[in-house]
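Structural features, examined
Spelled out from the first residue to the last, the chains are:
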Amino acid sequence: MKNLDYKIIEDRVIAEQIINKSKFISYLVPIQSEEEGKEVLRAIKKEHSKATHHCSALRVGEIERSNDDGEPASSAGLPMLQVLRGNKLQNVIAVVVRYFGGIELGVGGLIRAYGSSVTLAIHDAVCLSPQRVYKYRITFPYDTINEIETVLTGQAEIVDRNYDDLVHYDVLVNDPTKLDPIQDVSRGQGTYELLEETIEFFRG
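Residues numbered from 1 in each chain as written. Predicted model: local features only at pLDDT ≥ 70, side-chain atom pairs only at ≥ 80, totals over all residues. Heavy atoms only, no water.

Our next topic: the side chain of S186. Along the chain, S186 falls in the loop between α5 (181-185) and β10 (191-203). Taking the relative accessible area as the measure of exposure, S186 reaches 0% and is therefore buried. From its side chain, S186 meets the backbone nitrogen of G190 in a polar contact 2.8 Å long. Filtering out sequence-adjacent residues up to four positions away, S186 remains in contact with T144 and I148. (Helix = DSSP H or I, 4+ residues; strand = E, 2+ residues; numbered from the N terminus. Buried < 20%, exposed > 50% of the residue type's maximum accessible area, 1.4 Å probe, protein only. Polar contact = N/O pair within 3.5 Å; in protein donor to acceptor, adjacent residues only side chain to side chain. Contact = heavy atoms within 4.5 Å.)

Structure follows, in structure tokens:
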């Protein structure tokens, strides 16, 4: 996914609320595929086999799905999906289990109930944001070690050091331009090459 404007959740979350005597139990589960989402839904249905409804919404990659599971059309799955979209959550399935309490909520009430159930779970979730991380190999003369270390402090993480005719540092950095001063402090003798580009997830 080239666009990094999204979030994932760190782990499964379960939240619960009661609205007009109906119990709504909301699950938020990280997934890597639609099939994995279906497996999660099957397991929750089995766990809550006596529940009135098991409504769901998922977003994984380019796939979006929602299901009202017997509730009036677009009164459950769609508002759940809209909450996931609004919070920019990806690779996740939301399942809201309803135990009917005997009082009809109406379509508007259902939309609010299912949407708020997912929102409740998101509030309890640890959300992670993706960030590109670049691994570079920096090569420079021994007599510029202090200057290079000063440039890297607070800007990059040194993950490996090797010494032969020259010094070689492998570093992780989230912005390659932070390495630009290396040329100046090494008096043009320092070089750096990209080894790897990955996406890692951080809280916040």
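After that view of the structure, there is still more to cover.
Counting through the fold element by element, L28 comes out in strand β3 (residues 22-30). Taking the C-alpha atoms as reference points, L28 and D124, 96 residues apart in sequence, are found 9.7 Å from one another.

Soluble, globular proteins show a tendency: their nonpolar side chains are buried together. One finds I9, L28, M80, L84, L89, Y114 and V118 to be the most contacted residues of the largest nonpolar core, which totals 25 residues. For this core, the secondary structure elements donating two or more residues are β2 (13-19), β3, β4 (53-60), α2 (77-86), β6 (92-99) and α3 (106-124). A total of 6 residues in this core trace back to one element, the largest contributor, which is α3. Residue contacts for I9: discarding those within four places in its chain leaves L28, V29, P30, L89, V92, A125, V126 and C127. In this structure, Y134, V167, V171 and L179 belong to the second largest nonpolar core, which totals 14 residues. (Core = buried A, V, L, I, M, F, W, Y, C linked by side-chain atoms within 4.5 Å.)

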